[in-house]
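# Chain and residue survey
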Amino acid sequence: MKRFFRSAAVAAVVAFGVVACNKSETEIDIFESSTEEALELTDSASVTINHSIEYLRSFEGGKVLCEKINNLILRMCLGDEYDGLSFGEASESLMQKLVADYQKEAGDEYKANIETDSYWLYRWSYNVEGTFSDSFQDLQTYNVFSDVFLGGAHGMQSLIPHVINLKTGKEIEESDLFNEGYEEPVADLIKAALQKEWGSPEDSDSAYSAMEEEGMVPNGCFSVSEDGVTWFYQPYVIACYAQGIVEAFVSWDDLKPYVNTSEVKL
């Protein structure tokens, strides 16, 4: 198994600090790890796994909070079962598990179709990228992008945003951000945003008319920015695969009647 680990400073600045765990500065770094292993039954197929995860080398909130946020990032990117491990330990363990699964599952498929020359069906891949994104007041968006191919017509992508309260080091839920009863009026705002992007529901030729309105609801998959909140819908949830990951942006001005002011001040 070939593997390398690399950590390099990122030239990036987020709203809660400046690039440089000490208490006066916030510095972002990257953990990177990759591996590739051939299918035991043939050298013509292999599994590749890539992890690229931004984390805090230091944080203006102090070492304890820095470590708490980094552990949260690790769990968001690699899984709750790796709670408390280092990025290297967690990545290594997850890679070993995925390689073992590949040898079993892809190997069984290959043996069942041993005469095929479609080796690309057994060239699997798992890619995870975690990045800091927009922020608003004490809330920081952290995006986890995943791209997985396990044979078939195409791979599957997902972009899962998480919102971290930088004062507590905890992830906030959608229900924390809004007052009780927000779901229905915010769903109407989401539908309006999607119609602006994808066309009128009255137009049978619009992309919107082919989308699933039932799924256009606050789904807990959201990010925050200075301008407002964006909801994300993964492929096949409300639209066809070709439309990709669908986003619905709603401004803070429109959301103001429903926002929990103990979390954000508008």
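You'll find the structure just up there.
A short tour of the structure in this document, coming up. This structure is a prediction, so every number in the text was calculated from the model and none was measured.

## Here we look at the sheet that holds strand β8 (residues 222-224)
With antiparallel pairing, the three strands of this open sheet are ordered in space as β8-β9-β10. If you trace the sheet from one side to the other, it starts and ends with β8 and β10 (246-251), each paired once. Adjacent strand axes in the sheet meet at a mean angle of 20°, parallel and antiparallel pairs treated alike. Sheet analysis places β8 next to strand β9 (residues 228-233), joined by three bridges and oriented antiparallel. Within β9, the position partnered with F222 by the bridge is W231. Along the sheet, helix α4 (residues 183-198) makes contact with β9 and β10, crossing β10 at roughly 120°.

## Points about the nonpolar core
In terms of nonpolar packing, the biggest core is built from 38 residues, with I53, I69, I73, C77, Y102, Y142 and I164 touching the most fellow members. If you list the elements that add at least two residues to this core, you get β2 (27-38), β3 (46-58), α1 (63-78), α2 (87-112), β4 (124-136) and β5 (139-149). Not counting chain neighbours up to four residues away, the residues in contact with I73 comprise I53, E54, Y55, F87, F132, Y142 and I164. Within the second largest apolar cluster, 28 residues are counted, among which are F136, V186, M211 and M216.

## Structural notes on the packing of α1 against α2
Where α1 meets α2, the axes come as close as 11 Å, and the angle between the chain directions of the two elements is 15°. As summarised for this structure, α1 and α2 are arranged roughly parallel, according to the angle between their axes. When you trace α1 past α2, the crossing you get is right-handed. Contacts from N70, I73, L74 and L78 in α1 reach F87, A90, S91 and L94 in α2. Residues that form the contact of α1 with α2 fall into these classes: six nonpolar, two polar and no charged.

## Observations regarding the pairing of strand β6 (residues 156-165)
Taking burial as the measure, the ten residues of β6 include seven buried ones, the bulk of the element. Of the pairings in the sheet, the one linking β5 to β6 comprises ten bridges and is antiparallel in character. Counted as the bridge partner of Q140 is I164 from β6. Between the end of β5 and the start of β6, which pair antiparallel, lie six residues, with G151 showing a positive phi angle near 80°. Across two bridges, β6 lies against strand β7 (residues 170-171) in antiparallel orientation. Its bridge partner being in β7, N165 is matched across the sheet by K170.

What counts as what
- Residues numbered from 1 in each chain as written.
- Predicted model: local features only at pLDDT ≥ 70, side-chain atom pairs only at ≥ 80, totals over all residues.
- Heavy atoms only, no water.
- Pairing = 2+ DSSP bridges.
- Helix = DSSP H or I, 4+ residues; strand = E, 2+ residues; numbered from the N terminus.
- Axes fitted to C-alpha atoms, helices over the stretch in contact; angles between N-to-C directions.
- Contact = heavy atoms within 4.5 Å.
- Core = buried A, V, L, I, M, F, W, Y, C linked by side-chain atoms within 4.5 Å.
- Buried < 20%, exposed > 50% of the residue type's maximum accessible area, 1.4 Å probe, protein only.
- Parallel < 35°, antiparallel > 145°, perpendicular 65-115°, else oblique.
- Left-handed = near helix turned anticlockwise from the far one by under 90°.
- Nonpolar A, V, L, I, M, F, W, Y, C, P; charged D, E, K, R; others polar.

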